[in-house]
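What follows is each chain in one-letter form.
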Amino acid sequence: QVQLVESGGGLVQAGGSLRLSCAASGRIFSPYAMGWFRQAPGKGRAFVGGITWSGGSTYYTDSVKGRFTIARDNAKNTVSLQMISLKPEDTAVYYCAADFIHRTAVAVSPNGYTTWGQGTQVTVSS
């Protein structure tokens with residue numbers, strides 16, 4: 001059984017930076033991809049970006065391209081989300097998730113991920 005734990009959230013001013021981390025624990029950890037999602041108040045859980053576990057190919061939603069960077073450390077079973085130039089609209093609870101289902105493409109729907117972390121709050125003030 002795999003468990004994910006996010007950390008690194010907090011309160012920052014617009015234009016600031018944060019680095020989120022997601023650590024996986026469990027006897028076996030070999031997903032096809034890891035994804036980052038966020039959920040703002042009153043909204044659904046939305047895809048931020050993902051990374052394939054083996055090759056490290058990354059995919060991002062348009063609103064964060066050029067500002068957010070996903071990386072993984074396979075040896076440590078961790079994935080990070082480096083966020084720069086943060087905007088108030090980035091405010092949300094951020095979740096990491098593991099995809100053990102797909103084999104050819106990173107899923108952009110939350111339904112494509114089977115294991116989720118508890119989330120970490122990111123608040124960006126104006």
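For the structure itself, look to the data block above.
Everything in this summary refers to the structure shown in the same document. Bear in mind that the values here come from a model prediction, so they are computed numbers and not experimental data.

Turning our attention to the pattern of salt bridges. Side-chain pairing between opposite charges can occur once the charged atoms of the two side chains come close. The final tally for this structure, using the stated rule, is 3 salt bridges. Asp90 serves as the salt-bridge partner of Arg38, at 2.9 Å between the closest nitrogen and oxygen. Of this pair, Arg38 sits in strand S4 (residues 33-39) while Asp90 sits in the loop between strand S8 (78-83) and strand S9 (92-99); the two residues are 52 residues apart in sequence, bridging distant segments of the chain. Each member of the pair, Arg38 as well as Asp90, carries the same accessibility label: buried. One salt bridge in this structure joins Asp90 and Arg67, with 2.8 Å as the shortest N-O distance. On the criterion of sequence distance, the pair formed by Asp90 in the loop between S8 and S9 and Arg67 in the loop between strand S6 (58-60) and strand S7 (68-73) is long-range, its members being 23 residues apart.

Aromatic rings in a pair are described by how distant their centres are and how their planes are angled relative to each other. A complete count under the given rule lists 7 aromatic pairs for this structure. Taking the centre distance of 5.1 Å and the plane angle of 80 degrees together, the rings of Phe37 and Tyr113 count as edge-to-face. Of this pair, Phe37 sits in strand S4 while Tyr113 is found in the loop between S9 and strand S10 (115-116), placing the two residues 76 residues apart along the sequence. Accessibility classification places Phe37 together with Tyr113 in one group, the buried group. An aromatic cluster is present here, built from Phe37, Phe47, Tyr95, Tyr113 and Trp116 joined pairwise through their rings. Positioned above the aromatic ring of Tyr95 is the side chain of Arg45, whose terminal nitrogen or guanidinium carbon lies 3.7 Å from the ring centre. Looking at Arg45, its charged tip hangs above the ring of Trp116, at a distance of 4.8 Å from the centre.

Let us look at the environment of Lys43. As for its placement among the helices and strands, Lys43 is situated in the loop between S4 and strand S5 (46-52). Separated by 45 residues in sequence, Lys43 and Pro88 have C-alpha atoms that sit 15 Å apart.

About the cut-offs
- Residues numbered from 1 in each chain as written.
- Predicted model: local features only at pLDDT ≥ 70, side-chain atom pairs only at ≥ 80, totals over all residues.
- Heavy atoms only, no water.
- Salt bridge = Lys/Arg side-chain N within 4 Å of Asp/Glu carboxyl O.
- Helix = DSSP H or I, 4+ residues; strand = E, 2+ residues; numbered from the N terminus.
- Buried < 20%, exposed > 50% of the residue type's maximum accessible area, 1.4 Å probe, protein only.
- Phe/Tyr/Trp six-rings, centres within 6.5 Å; stacked < 30°, edge-to-face > 60°.
- Lys NZ or Arg CZ within 6 Å of the ring centre and 35° of its normal.

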